[in-house]
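Below, each chain spelled out in residue letters.
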Amino acid sequence: MPEAIPPPPPQPTEDETRQAVRFVYGVAAGALAFFLLVAASYGPHNPLVAYGRNLPPSWALWKAERLKPAALRRHEGGQIAWLVGSSILRESFDEDGINEELERRGSPYRVRKFGVSRGAAGVLAGLLDALPIEEGDLIVHNVTQANFHRGWVSWTDLPPYVMMYTVPASEFWHVDGWTLADKLEQASSLPFGYWQWHEEVMAGATDVLEDTIWWWKRPKKTGPRHNLRFRTLETRRGYLNKKRDAGPEDIIYLPPDCCDYSDAQFNMRGVRRMEAKAAAVGATLALVHLPPRQEYEARFVHRDAAPAWLDWRARTTNLSYAPRPPDEDFYDFKHPNYRGRALLSAWLVDWLEDGRPKGSPASLSWPIPDYNLPGVPVPPGAGTGKTGDRAEDDDEEQSP
């Protein structure tokens with residue numbers, strides 16, 4: 001005989017359904033309220049950030065917050081040259097040494113340096129809002145050809161959560177190379193402050209719990225390491241050799257059509273934002289080109305990529321040229337070591353004291369490989385990045 005089919009379970013009444021829906025609404029509202037309460041605690045003053053802070057833009061904001069405007073301007077003249085730029089700028093200038101020399105000369109200037117890994121203008125224009133810039137000050141920002149690579153954010157593989165420290169939410173809609181889906185995904189990162197500080201709060205929580213519960217020791221707050229000063233390397237030989245072996249296939253290679261010098265490009269837009277900020281407070285924006293190793297320009301920049309870069313530099317009236325240190329005075333292709341830093345720091349003092357002369361572009365005498373000669377087609381796979389390294393490769397500590 002077939003088994004008897006049991007009757008269906010009793011169905012909820014209309015009142016029971018209303019009660020269940022109200023209960024679900026209550027749970028959801030409670031969860032949302034709890035999330036917003038937790039999110040409101042996320043920010044630079046969350047105690048866990050002190051144990052998890054490890055991102056360069058976060059350290060730049062930490063330094064900016066601790067500036068004391070009155071103490072900044074105690075010297076006669078009271079003007080500040082704000083050095084705001086990438087890790088190339090960070091490695092090129094010794095803030096303490098420069099200020100000592102400026103004081104010795106009786107200069108009206110002192111410098112404050114904010115050098116951030118991959119700190120191109122699109123990323124760091126927002127940092128200017130955190131600085132006590134006044135009328136008569138100077139904002140110094142370094143530019144390099146690679147800053148204006150098409151789709152720079154994607155090319156450098158720069159994570160949005162790193163950008164959020166200094167890039168306002170509205171600017172993510174102007175990231176060239178991003179699809180609409182990319183922009184919508186970033187727009188959904190709300191509350192903005194929660195996602196802005198999420199990585200370092202969670203890193204701090206992890207370290208505190210691990211140290212106290214697992215290791216039974218007092219957790220230590222993180223230190224800035226090189227982020228507020230510079231590295232002490234002489235050379236990164238392994239890195240250099242890896243790039244040399246990859247040759248034009250490496251992602252740092254710049255083919256003829258690599259770059260976009262229009263205002264739609266993310267970092268060119270950042271330059272315009274810096275100009276607007278300077279004009280609004282009565283300051284001056286000065287761009288400087290800190291040239292890389294000659295070897296880099298010869299091996300990794302096709303000569304047909306040079307004319308557009310040279311033309312933009314010639315048309316940019318507020319751009320000055322720093323001298324190029326010898327190749328052995330770089331620790332990689334773009335970052336000076338301690339010898340290069342001494343040369344460039346001395347140049348900056350003279351440049352400030354002599355009225356910021358424009359100078360001349362650094363010459364290139366390194367032999368050009370055949371594949372980079374004008375009119376020669378780029379090799380197959382040029383700039384594809386088969387080595388797996390990201391484009392700018394400013395610092396291996398970029399991510400937590």
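Residues numbered from 1 in each chain as written. Predicted model: local features only at pLDDT ≥ 70, side-chain atom pairs only at ≥ 80, totals over all residues. Heavy atoms only, no water.

## Here's the deal with the overall build of the protein
Point 1. Helix and strand counts for the protein come out as 16 helices and 5 strands.
Point 2. The principal-axis extent of the C-alpha atoms belonging to the protein is close to 95 × 60 × 45 Å.
Point 3. Across the 400 residues that make up the protein, the buried fraction comes to 50%.
Point 4. Partitioning the contacts of the protein with sequence separation of at least 6, the portion at a separation of at least 24 is 85%.
Point 5. For the protein, the exposed area adds up to about 19,300 Å²; of that, 58% sits on carbon and sulfur atoms.
Point 6. Seen as two clouds, the 46 positive and the 54 negative side-chain charges of the protein have centres 4 Å apart. (Helix = DSSP H or I, 4+ residues; strand = E, 2+ residues; numbered from the N terminus. Buried < 20%, exposed > 50% of the residue type's maximum accessible area, 1.4 Å probe, protein only. Contact = heavy atoms within 4.5 Å. Areas by Shrake-Rupley, 256 points an atom, 1.4 Å probe, with all protein chains shown as cover. Lys, Arg positive; Asp, Glu negative; His and termini not counted. Charge placed at Lys NZ, Arg CZ, Asp CG, Glu CD.)

## Some thoughts on the pattern of salt bridges
Point 1. All told, the structure shown has 26 salt bridges when counted by the stated rule.
Point 2. Notably, a salt bridge pairs Glu65 with Arg66, separated by 3.4 Å at the nearest N-O pair.
Point 3. What makes Glu65 partly exposed here is its relative accessible area of 40%.
Point 4. Two residues, Arg105 and Asp350, come together in a salt bridge whose shortest N-O distance is 2.9 Å. In this pair, Arg105 sits in the loop between α6 (95-104) and β2 (109-116) while Asp350 sits in helix α16 (residues 338-353), placing the two residues 245 residues apart along the sequence.
Point 5. Members of the salt-bridge network, linked through shared partners, are Glu101, Arg104, Arg105 and Asp350. (Salt bridge = Lys/Arg side-chain N within 4 Å of Asp/Glu carboxyl O.)

## Some points on helix α3 (residues 56-65)
Point 1. With 7 of 10 residues buried, α3 is to be regarded as a mostly interior element.
Point 2. Burial in α3 covers these residues: Pro56, Pro57, Ser58, Trp59, Ala60, Lys63 and Ala64.
Point 3. Where α3 is buried, its residues touch α6, β2, α9 (160-163) and α11 (192-214).

## Thoughts on the nonpolar core
Point 1. In terms of nonpolar packing, the biggest core is built from 68 residues, with Trp82, Val84, Phe114, Leu131 and Trp312 touching the most fellow members.
Point 2. It is helix α13 (residues 266-281) that contributes the most residues to this core, 5 residues altogether.
Point 3. Residue contacts for Val84: discarding those within four places in its chain leaves Leu89, Phe114, Leu124, Leu127, Leu128, Leu131, Val140, His141, Asn142 and Met274.
Point 4. Of all hydrophobic cores here, the second largest spans 21 residues; its members include Tyr109, Leu290, Leu348 and Leu352. (Core = buried A, V, L, I, M, F, W, Y, C linked by side-chain atoms within 4.5 Å.)

## Examining the pairing of strand β3 (residues 138-143)
Point 1. Counting buried positions along β3 gives 6 out of 6 residues, so the element sits mostly inside the fold.
Point 2. Of the two faces of β3, both are covered, the one formed by Leu138, Val140 and Asn142 as well as the one formed by Ile139, His141 and Val143.
Point 3. Here strand β1 (residues 79-86) runs beside β3; their pairing, made up of 3 bridges, is parallel. Note on β3: the bridge partner recorded for Leu83 is Val140.
Point 4. One ladder, built from 6 bridges, connects β3 with strand β4 (residues 284-289); its direction is parallel. Along β4, the bridge assignment pairs Val140 with Ala286. (Pairing = 2+ DSSP bridges.)

## Description of unusual backbone geometry
Point 1. Each neighbour pair has its own omega, and for Leu190 with Pro191 the value is -5°, a cis peptide bond.
Point 2. Tracing the sequence through the fold places Pro191 in the loop between α10 (180-187) and α11.
Point 3. Not every positive phi belongs to a glycine, and Asp157 is a case in point at roughly 55°.
Point 4. Along the polypeptide, Asp157 turns up in the loop between α8 (152-156) and α9.

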